[in-house]
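Each chain, written out:
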Amino acid sequence: MHRVFGMCLEAGVASVILIPVFLVLNKTYFHSVNRTVGYLLFAIYLAAVDAVVGLPCITYIRLDFNFNWVPFQYMFSDYKTSLLNVLLFVPLGFFLPFFWKTFSNFGYTLLFGFCFSGLIEFLQIFTFRATDVNDLITNTVGTVLGYLLARITLKLLPEVVPSQRTSDAFLVCGVVFGVMFFLQPFLADLVWKLV
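These numbers were taken from a predicted model, which means no experiment stands behind them. (Residues numbered from 1 in each chain as written. Predicted model: local features only at pLDDT ≥ 70, side-chain atom pairs only at ≥ 80, totals over all residues. Heavy atoms only, no water.)

Caption draft 1: Quick peek at helix H4 (residues 106–123). End to end, H4 covers 26 Å across 18 residues, agreeing with the expected 26 Å (1.5 Å per residue, within 8%). Restricting attention to buried positions, one finds in H4 the residues Thr-109, Phe-112, Gly-113, Phe-116, Ser-117, Ile-120, Glu-121 and Leu-123. Of the surrounding secondary structure, the elements contacted by the buried residues of H4 are helix H2 (33–53), helix H3 (79–99), strand E2 (131–132), helix H5 (133–156) and helix H6 (167–194). The distance from a side-chain oxygen at the start of H4 to the backbone nitrogen of Gly-107 is 2.8 Å, and the residue carrying that oxygen is Asn-105. (Helix = DSSP H or I, 4+ residues; strand = E, 2+ residues; numbered from the N terminus. Expected span 1.5 Å × (residues − 1). Buried < 20%, exposed > 50% of the residue type's maximum accessible area, 1.4 Å probe, protein only. Contact = heavy atoms within 4.5 Å. Polar contact = N/O pair within 3.5 Å; in protein donor to acceptor, adjacent residues only side chain to side chain.)

The following block contains the structure:
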């Protein structure tokens, strides 16, 4: 329960920073309130993922070589963690094709999910977390399940037209990474002291 509270608090603190940033982006770049709101939801999800997986930030970077390179080792004996990893990445697989036309191609969504998960596992070298090939597998499976869910949803909602501007996806990811690395840790420290 403490972990869920921590994730919500960290993502909430990030939202305090992300909302004004996305208001500015709407005026200067996105020019669509509906799209901006959707992108903001995606950004808050990414901030929550950052909080859950414990990525490094400007106030905490520590080199820690803790690896598991053996696929499926402990994956089924620790099935709860594996299932949570799958569930954590379902929204990623859903949001990508739902918001951006390029990701209606299964291969692009699969590649993005795999690379995004790989980046997380690489960055965990600079934290207290373990870099685990099983996380890469389960995260990618979650992305695939999210993709399938998005395809069904888009068939049921033909009025939803994903954007052609794939660069928006990378902009959203970059903004979230910048906020979570440089700004959010300072505000989160203040909030944690009050809690």
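Caption draft 2: View of unusual backbone geometry. Positioned with a positive phi, His-31 is a non-glycine residue whose angle comes to about 55°. The phi torsion at Phe-72 lies on the positive side, around 70°, for a residue other than glycine. Tracing the backbone shows Phe-72 in the loop between strand E1 (67–68) and H3.

Caption draft 3: The nonpolar core, seen in detail. Membership of the largest hydrophobic core comes to 40 residues, with the highest contact counts inside it found for Leu-18, Phe-22, Phe-42, Leu-46, Leu-92 and Val-172. Of all elements in the fold, only helix H1 (2–30), H2, H3, H4, H5 and H6 reach the threshold of two or more residues within this core. Counting residues per element, this core draws most heavily on H2, which supplies 10 residues. (Core = buried A, V, L, I, M, F, W, Y, C linked by side-chain atoms within 4.5 Å.)

Caption draft 4: Geometry of the pattern of salt bridges. Evaluated as defined, the whole model comprises 2 salt bridges. A salt bridge links Arg-62 to Asp-64, with the shortest nitrogen-to-oxygen separation between them at 3.3 Å. The closest approach of N and O atoms between Asp-168 and Arg-165, which form a salt bridge, is 3.2 Å. Asp-168 sits in the buried class, given a relative accessible area of 1%. A relative accessible area of 33% means that Arg-165 is categorised as partly exposed. (Salt bridge = Lys/Arg side-chain N within 4 Å of Asp/Glu carboxyl O.)

Caption draft 5: The arrangement of the environment of Val-133 in detail. Assignment of secondary structure puts Val-133 in helix H5. For Val-133, a relative accessible area of 18% translates into the label buried. Sequence-distant contacts of Val-133, defined by excluding residues within four places in its chain, comprise Asn-68, Trp-69, Val-70 and Pro-71.

Caption draft 6: A look at the packing of aromatic side chains. Within the structure shown, the criterion is met by 26 aromatic pairs. Centroid distance Tyr-29 to Phe-30: 5.6 Å. Interplanar angle 65°. Geometry classified as edge-to-face. Relative accessible area serves as the criterion here: at 31%, Tyr-29 is assigned to the partly exposed category. Pairing Phe-94 with Phe-95 gives two aromatic rings, centres 6.1 Å apart and planes at 70°, and the pair type is edge-to-face. Like Phe-94, the residue Phe-95 is buried in the burial classification. Taken together, the ring pairs in this structure connect Phe-22, Tyr-29, Phe-30, Tyr-39, Phe-42, Tyr-45, Phe-94, Phe-95, Phe-98, Phe-99 and Trp-100 into an aromatic cluster. Of note, Arg-165 hangs over the ring of Tyr-29, and the distance from its end group to the ring centre comes to 4.4 Å. (Phe/Tyr/Trp six-rings, centres within 6.5 Å; stacked < 30°, edge-to-face > 60°. Lys NZ or Arg CZ within 6 Å of the ring centre and 35° of its normal.)

Caption draft 7: Region of the structure containing the packing of H2 against H6. Remark: H2 packs on H6, axes separated minimally by 10 Å, with the N-to-C direction vectors making an angle of 45°. With respect to H6, the element H2 is oriented oblique. In the crossing of H2 with H6, the sense of the turn from one axis to the other is right-handed. Residues Tyr-39, Phe-42, Ala-43, Leu-46, Ala-47 and Asp-50 of H2 pack against Asp-168, Val-172, Cys-173, Val-176 and Met-180 of H6. (Axes fitted to C-alpha atoms, helices over the stretch in contact; angles between N-to-C directions. Parallel < 35°, antiparallel > 145°, perpendicular 65-115°, else oblique. Left-handed = near helix turned anticlockwise from the far one by under 90°.)

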